[in-house]
Amino acid sequence: MKLELEEIYKTYFQDVYYFVLAMSKDPHIAEEITQETWARVTYHRARVKIQDILERRST
């Protein structure tokens, strides 16, 4: 599970950050929101269907 979570983080971190940056226009806010997003993903990892996310990314 930890390895899968790391893979999702590496795959999506930049996408999440740049999306939030485009919306907020503030790098500090983008960093905070991106960190909060990953904290929530980690906290709720039991409910996140990690394998589904990884499979969608590869198609």
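Residues numbered from 1 in each chain as written. Predicted model: local features only at pLDDT ≥ 70, side-chain atom pairs only at ≥ 80, totals over all residues. Heavy atoms only, no water.

Colleague: Summarise unusual backbone geometry; cite the residues concerned and give the values.
Modeller: Even without a glycine there, the phi angle at Lys 25 is positive, about 60°. Tracing the backbone through its elements, the reader meets Lys 25 in the loop between α1 (2-24) and α2 (27-43). On the accessibility criterion, Lys 25 (68% relative accessible area) is exposed. (Helix = DSSP H or I, 4+ residues; strand = E, 2+ residues; numbered from the N terminus. Buried < 20%, exposed > 50% of the residue type's maximum accessible area, 1.4 Å probe, protein only.)

Colleague: Pulling in residues and values, what's your account of the environment of Tyr 17?
Modeller: Of note, Tyr 17 is situated in helix α1. Along the sequence, Tyr 17 and Pro 27 sit 10 residues apart, while their C-alpha atoms lie 8.7 Å from each other.

Colleague: So what's going on with the environment of Ile 33? Residues and values would help.
Modeller: Among the secondary structure elements, Ile 33 is positioned in helix α2. The exposure class of Ile 33 is partly exposed, given its relative accessible area of 38%. As for Ile 33 and Leu 21, which are separated by 12 residues in sequence, their C-alpha atoms are 9.3 Å apart.

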